[in-house]
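Letter by letter, the chains look like this.
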Amino acid sequence: MIQVGKKQILTVVKRVDFGVYLADTTELSAQGRTDSSAENPEEKVLLPLKQVPEDVELHDSLTVFVYRDSKDRMIATTREPVMELGQTALLSVKQLGKFGAFLDWGLEKDLLLPFREQTAPVKEGDQCLVALYVDKSGRLCATMKVYHYLRTDSPYQKDDKVEGIVYEISPNFGIFVAVDDRFSALIPKTEPAEGLQAGDRIYARVTEVKADGKLSLSVREKAHIQMGEDAKKLLALIEKAGGELPIGDKSDPEQIRMRTGMSKNEFKRAAGSLYKQRAVEIGKDSIRKL
């Protein structure tokens, strides 16, 4: 069966002036049919003449990618797109059109990203993480709603350093990240990660590999490493505020996060480090530089 959106091996079954027709002869044989009986338009596909290798003969096998042309006819190409059906990739926006944005994915016909499949407006020159799917009319399109397309078989383990792209921010769950642009990951909402936006490229640490293969991430180092950085940051904030901040041991966690970008535990570790250095004095509701 010829599959739109997939790279596949097909057989040359007919020569014409404008190219060659290809078919899945394995399926035809299973049905007790010959190459020449592939007359249904959906059973064969044209490889245009400019894509046909010079030495190709009848019954030769070719590896091609199948998609639909501007007239919605199946067409084969020996060029390789950036992604196949169900996969994700980071693509550039070439131009905007009446129905959406057109993306460069390595083929002559650009890939449509419909407006309804955009999680945020895009403009020419932007890069966006998308998945490839077939719409109701059988055409290949892109979607920025990639959560269900991301893989859960990453090679990463706890404490590995990874790179990824932020593709969605949820007030209920946290920051969704596609590690290596294809593996499912989340920075939980309990993890400090202020200032991140969809489209940001980040470096993070794996804090957990879930039973289903999804990754939990943190943009912060382990506590004993991060504590030194947090202590420097806290001291700088105190100095910037004139030598005292109105937060202390008994302050509300949200107030601490708002003032410092740290969780209450991180604040207490950083404040404790500064206290041991005799750099600050800590009260119930304040911390002051000595």
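Residues numbered from 1 in each chain as written. Predicted model: local features only at pLDDT ≥ 70, side-chain atom pairs only at ≥ 80, totals over all residues. Heavy atoms only, no water.

Thoughts on the nonpolar core
Consideration 1: Membership of the largest hydrophobic core comes to 39 residues, with the highest contact counts inside it found for Leu 22, Leu 103, Leu 111, Leu 113 and Val 130.
Consideration 2: Broken down by element, the residue count for this core peaks at five residues, all from strand β4 (residues 61-68). (Core = buried A, V, L, I, M, F, W, Y, C linked by side-chain atoms within 4.5 Å. Buried < 20%, exposed > 50% of the residue type's maximum accessible area, 1.4 Å probe, protein only. Helix = DSSP H or I, 4+ residues; strand = E, 2+ residues; numbered from the N terminus.)

Overview of the confidence of the model for the protein
Consideration 1: The pLDDT averaged across the protein works out to 86; a share of 91% of its residues lies at or above 70.
Consideration 2: When pLDDT is averaged over each element of the protein, strand β8 (residues 111-114) comes out on top at 96 and helix α1 (residues 25-30) at the bottom at 62. (pLDDT = per-residue confidence, 0-100.)

Side note on the pairing of strand β3 (residues 44-48)
Consideration 1: The buried fraction of β3 is high, at five of five residues.
Consideration 2: Residues of β3 alternate between two faces, with Lys 44, Leu 46 and Pro 48 on one and Val 45 and Leu 47 on the opposite face, all of them buried.
Consideration 3: As paired elements, strand β2 (residues 19-23) and β3 share five bridges and run antiparallel to each other. Bridge pairing links Val 20 to Leu 47 in β3. (Pairing = 2+ DSSP bridges.)

Considering helix α4 (residues 264-276)
Given 3.6 residues to a turn, an α-helix orients residues that are three or four positions apart in the same direction.
Consideration 1: Along its 13 residues, α4 runs 18 Å from first to last C-alpha, staying within 8% of the 18 Å computed at 1.5 Å per residue.
Consideration 2: Those residues of α4 not exposed but buried are Glu 266, Phe 267, Ala 270, Ala 271, Ser 273 and Leu 274. Buried residues of α4, viewed axially, fall in a sector of 155 degrees; they line one side. Facing away from the buried side of α4 by more than 90 degrees, the exposed set consists of Asn 265, Tyr 275 and Lys 276.
Consideration 3: Arg 278 sits one or two residues past α4 and shows a positive phi near 60 degrees. (Expected span 1.5 Å × (residues − 1). Arc of directions from axis to C-beta.)

Side note on the packing of aromatic side chains
The relative placement of two aromatic rings is captured by the distance of their centres and the angle of their planes.
Consideration 1: Under the defined criterion, the tally for this structure stands at seven aromatic pairs.
Consideration 2: Measuring from ring centre to ring centre gives 6.5 Å for Phe 18 and Tyr 21, while their planes differ by 85 degrees; the resulting arrangement is edge-to-face.
Consideration 3: When the ring of Tyr 147 is compared with that of Phe 176, the centres are 5.7 Å apart and the planes differ by 85 degrees; the resulting orientation is edge-to-face. Remark: Phe 176 occurs in strand β12 (residues 174-179) and Tyr 147 occurs in the loop between β10 (140-143) and β11 (161-170); sequence separation between them is 29 residues.
Consideration 4: Here Tyr 147 falls in the partly exposed class, since its relative accessible area comes to 34%. (Phe/Tyr/Trp six-rings, centres within 6.5 Å; stacked < 30°, edge-to-face > 60°.)

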